[in-house]
Amino acid sequence: MGGEERRRSLWGWGWADKIPDAESTRNLAVQIAGVLGVAESDLPEPLTPPDPGALSLPRPRIRPADAPPGLSTILDGSDAVRAAHTYGKAYRDIVRGLHGDYAPAPDLVATPTEEAQVEQILAWCDARRHVCIPFGGGTSVVGGVEAGPAAADRPPTISLDLRGLDRVHEVERTSGLARIAAGATGPILEGQLARHGFTLRHYPQSFEFSTLGGWIVTRAGGHFATGYTHIDERVASVRMLTPTGWWESRRLPGSGAGPSPDRLVCGSEGILGVVTEAWMRVAKRPRWRSKATVHFTSYEDAVAATRAIAQSGLMPANCRLLDHREAMLNMVASGDVAVLLLGFESADRPMETPLLRAVTLAKDFGGRLPEGSVRHADDEAEERAALPRPVGGDETWRAAFIDAPYLQSALATLGIIVDTFETACTWDGFEALHAGIVRAVKGAMREACGTGLITCRFTHVYPDGPAPYYTFIAPGRTEALLEQWAAIKTAASEAILAGGGTITHHHGVGRTHRAWYDRQRPDPFAAALRAAKRAVDPNGILNPGILVDP
Ligand SMILES: Cc1cc2nc3c(=O)[nH]c(=O)nc-3n(C[C@H](O)[C@H](O)[C@H](O)COP(=O)(O)OP(=O)(O)OC[C@H]3O[C@@H](n4cnc5c(N)ncnc54)[C@H](O)[C@@H]3O)c2cc1C
């Protein structure tokens, strides 16, 4: 970037310079109109994103100078910084940002670089009853970092940006553990771990911008399709600051001593405390990789094959089933087949044998291997020989996966509604749940938008069930996008609960899923969570409205 600091988009996903420009967006419009079967001329004129220097935000009710001495230097009340901390990166957030609506902006943003400053900020908020919203990478898609309705009686609100706490403090090689600060993003922590020959290998799609603390408190899901998926399983111990003191667990490989304190932190979404660091289980970098792409004419056969592999004990790192439309949109097939992407990796031994066993299972259900779709790689040998990495179904999919959020932002400017949601269910319930979701979402898109498309992929598969992940795309009306989106999202969420799924597999609850989460959890558990919140945050300053009522 010619020495200039690279800028993140205020309203859209990721780097500002990666969001497709006006010409690419027009080309995209032509393609999407074709996919949706609507005339290009029916698509609205692209919305012009707001000028970040000319936003109209509510006036802050407190100023940095109101804070105790020493804190004012890490507090920012400027409109630009407050706007950048108003929303996460959900479709809803992108649309509100595009329309220049920053009404829920926090009053101040705090940017600590050390734990002592986090302590001072939290103590000040608690003493003054200011609301404190922990902010990691701000990639929440469920309204997790938003201050809630911008009511006049809402207490002054501080967004606590933790990205200044971004170091891998130490690596303990004997046990394979690393103490990592909570504000480290994926690339930062992986870069530092790599110097020690280790990796966390937790790759959510938001990897580039989300943080360790955000992953832990939302129980984020990484790229592994079987076995270890949620970050929880990589957490050895956590250090979290609550308004009533430090909550720190012991570093243990396992423990039967009552309910695990870490289990309550994982998924707490910032309502119990601010995670400042964690000991994480790290691993050696994988060296051997084996991959295959398998095609199925019948989706039902593809599901049965995926189940057989999930229940085989083979534990592939990748076992991603894309339905016919998902495979087409991601350019790994032309719409006539469902595609199963299989991958195995190991730091310890070649992976041909488990891959070939998984392929045999897939073939038992009618799976076909396109020519050249099986590949075995030895990274070290390839590096020594300076060989180019092979390109094919898996790499094509991966590139589409990384770019998808940028396309979503560009499509939003065209009045296209594009969003994703995810769930999990048992294998015996999948067929009915899937049919119910597709029916409900198609019906809602027809009613709200006239037409629309829904696709499905499995992001994770467990021996007892899959985690299906849906994408819906529909033509919207610029002035009614949020109402149209809400109608579709509500239909999807109702269908998930009616079909026995969970309202979220890895995106979290936040504000968006709260109504359905309340119906899904046992009442005594809700009471226990409320009591836990009262015990550690008696004044209810942390993330009010998330998971439990203030
Ligand atoms: C394009 C895109 C792709 C995504 N892909 C995935 C995916 O593959 N897998 C997945 O699981 N999720 C995914 N997400 C959702 C999101 O990235 C995750 O929920 C992620 O874990 C959030 O991390 P963050 O650091 O950005 O947290 P934020 O968005 O900043 O915060 C999320 C919640 O955690 C709280 N919080 C943040 N940091 C702390 C802390 N240190 N202590 C206490 N509370 C804290 C916040 O108050 C908020 O409630 C995706 C989102 C987008 C936009």
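To be clear, the structure that these remarks concern was listed above.
Since the model is a prediction, treat every value here as computed from it, not as a measurement.

Draft legend 1. Inspection of empty space enclosed by the protein at higher detail. Enumeration over the complete set of coordinates arrives at 3 cavities of 30 Å³ or more. Considered as a void within the structure, the largest cavity measures approximately 120 Å³ in volume. Lining the largest cavity are 17 residues, with Ala90, Val141, Asp419, Thr420 and Lys489 positioned closest to its centre. Put simply, the parts of the chain that give the lining of the largest cavity at least two residues each are α3 (91-98), β16 (416-422) and α14 (481-498). Of the residues that constitute the lining of the largest cavity, the class distribution is 6 nonpolar, 5 polar and 6 charged.

Draft legend 2. Summary view of a nonpolar patch on the surface. On the surface, a nonpolar cluster with roughly 200 Å² of combined accessible area is contributed by Val35, Met328 and Leu329. Tracing the sequence through the fold places Met328 in helix α9 (residues 324-329).

Draft legend 3. Geometry of unusual backbone geometry. For Arg201, which is not glycine, the phi torsion reads 45 degrees and is therefore positive. Residue Asn543 is not a glycine yet carries a positive backbone phi of 45 degrees. Residue position: Asn543 is located in the segment after α16 (523-536).

Draft legend 4. Looking closely at the pattern of salt bridges. Inspection of every chain in the model, using the stated rule, returns 28 salt bridges. The residue Arg285 makes a salt bridge to Glu190 at a minimum N-O spacing of 3.2 Å. Residue Arg285 is found in the loop between β11 (283-284) and β12 (288-296), and its partner Glu190 is found in helix α5 (residues 186-194); the two are separated by 95 residues along the sequence. The class for Arg285 is partly exposed, based on a relative accessible area of 34%.

Draft legend 5. Seen up close, the site of the ligand. Taken together, the neighbourhood of the ligand is formed by 35 residues, with Pro134, Gly136, Thr139, Ser206 and Thr211 sitting nearest. At a separation of 2.8 Å, an oxygen atom of the ligand approaches a polar backbone atom of Ser140. In the model, an oxygen atom of the ligand is placed 2.8 Å from a nitrogen or oxygen of the Gln205 main chain. For the ligand, the accessible surface in isolation is 970 Å², of which the surrounding protein chains cover 96%. It is helix α6 (residues 212-218) that contributes the most residues to the shell around the ligand, 5 residues altogether. The class makeup of the residues in the shell around the ligand is 14 nonpolar, 19 polar and 2 charged.

Draft legend 6. Examining the side chain of His460 more closely. Here His460 shows up in strand β17 (residues 453-462). In this structure the side chain of His460 is engaged in a polar contact, spanning 3.0 Å, whose partner is the backbone oxygen of Phe224. Within the structure, the side chain of His460 is placed 3.5 Å from the side chain of Thr229, a separation counted as a polar contact. Non-local contacts of His460, meaning those with residues more than four positions away in its chain, are made with Gly221, Gly222, Phe224, Ala225, Thr229, Pro466, Ala467, His505 and His506.

Draft legend 7. Here's a closer look at the packing of helix α8 (residues 299-310) against helix α10 (residues 352-364). Following both chains from N to C, one finds α8 and α10 inclined at 145 degrees, their axes separated by 8 Å at the closest point. Between α8 and α10 the crossing geometry is right-handed. Residue-level inspection shows Ala305, Ala308 and Ile309 of α8 in contact with α10, the latter providing Ala358, Leu361 and Ala362. Of the residues belonging to the contact of α8 with α10, the class tally is 6 nonpolar, no polar and no charged.

Draft legend 8. Region of interest: the environment of Ala178. With respect to the helices and strands, the residue Ala178 is situated in strand β6 (residues 177-181). Distance from Ala178 to Met280, taken between C-alpha atoms, is 5.2 Å for residues 102 residues apart in sequence.

Draft legend 9. Representation of the side chain of His506 within the structure. Here His506 lies in the loop between α14 and α15 (514-520). Given the relative accessible area of 13%, His506 is considered buried. A polar contact is formed between the side chain of His506 and the side chain of His505, at a distance of 2.9 Å. Setting aside residues no more than four positions away along its own chain, His506 makes contact with Thr218, Arg219, Ala220, Gly221, His230, Glu422, Thr459, His460 and Tyr469.

Draft legend 10. Structural view of the environment of Tyr102. Looking at where Tyr102 falls in the secondary structure, it is placed in the loop between α3 and β2 (108-110). For Tyr102, a relative accessible area of 2% puts it in the buried group. Non-local contacts of Tyr102, meaning those with residues more than four positions away in its chain, are made with Leu10, Trp11, Leu55, Leu57, Pro58, Ala83, Thr86, Tyr87 and Gly97.

Draft legend 11. Fine view of the sheet that holds strand β1 (residues 75-76). Here 4 strands make up an open sheet; going across it, the order is β1-β2-β4-β3 and the pairing mixed. The sheet is open, and its two edges are formed by β1 and β3 (131-135), each paired on a single side. With 3 bridges connecting them, β2 and strand β4 (residues 157-161) associate as parallel partners. Paired with Ala110 across the bridge in β4 is Leu160. Most of the contacts of helix α4 (residues 115-128) go to β4, to which it runs at about 165 degrees, and overall it touches β1, β2, β3 and β4.

Draft legend 12. Fine view of α16. The first and last C-alpha atoms of α16 sit 20 Å apart over 14 residues, in line with the 20 Å expected at 1.5 Å per residue. Taken as a whole, α16 has its buried residues at Ala526, Leu529, Lys533 and Val536. Along α16, the residues classed as buried sweep out an arc of 105 degrees about the axis, all on the same side. Structural note: α16 exposes Asp523, Pro524, Arg534 and Ala535 on the side pointing more than 90 degrees away from its buried face. Residues of α16 that are buried in the fold lie against β8 (235-242), β9 (245-248), α7 (261-265) and α15.

Draft legend 13. Geometry of the sheet that holds β8. Ordered by their spatial adjacency, 5 strands build an open sheet running β5-β6-β10-β8-β9, and the pairing between neighbours is antiparallel. On the outer flanks of this sheet lie β5 (168-172) and β9, each paired with one strand and no other. Across this sheet, the average inter-strand angle for adjacent strands is 10 degrees, counted without regard to direction. Looking at chain direction, β8 and strand β10 (residues 274-281) are connected through 6 bridges and run antiparallel.

Draft legend 14. Broad picture of the packing of aromatic side chains. Per the stated rule, a full pass over the model turns up 9 aromatic pairs. What links up through ring pairs into an aromatic cluster is the set Trp13, Trp15 and Phe209. A cation sits over an aromatic face here: Arg239 above Trp246, 3.8 Å from the ring centre.

Quick notes on the rules
- Residues numbered from 1 in each chain as written.
- Predicted model: local features only at pLDDT ≥ 70, side-chain atom pairs only at ≥ 80, totals over all residues.
- Heavy atoms only, no water.
- 1 Å grid on protein atoms, 1.4 Å probe; cavity = no way out; pocket = protein on both sides within 12 Å on 5 of 7 lines; lining within 4 Å.
- Points joined across faces, edges and corners; volume = space filled by probe spheres on them.
- Helix = DSSP H or I, 4+ residues; strand = E, 2+ residues; numbered from the N terminus.
- Nonpolar A, V, L, I, M, F, W, Y, C, P; charged D, E, K, R; others polar.
- Patch = residues over 30% accessible without salt bridge, like charges linked within 9 Å, V, L, I, M, F, W, Y side chains within 5 Å.
- Areas by Shrake-Rupley, 256 points an atom, 1.4 Å probe, with all protein chains shown as cover.
- Salt bridge = Lys/Arg side-chain N within 4 Å of Asp/Glu carboxyl O.
- Buried < 20%, exposed > 50% of the residue type's maximum accessible area, 1.4 Å probe, protein only.
- Near = heavy atom within 4 Å.
- Polar contact = N/O pair within 3.5 Å; in protein donor to acceptor, adjacent residues only side chain to side chain.
- Contact = heavy atoms within 4.5 Å.
- Axes fitted to C-alpha atoms, helices over the stretch in contact; angles between N-to-C directions.
- Left-handed = near helix turned anticlockwise from the far one by under 90°.
- Pairing = 2+ DSSP bridges.
- Expected span 1.5 Å × (residues − 1).
- Arc of directions from axis to C-beta.
- Phe/Tyr/Trp six-rings, centres within 6.5 Å; stacked < 30°, edge-to-face > 60°.
- Lys NZ or Arg CZ within 6 Å of the ring centre and 35° of its normal.

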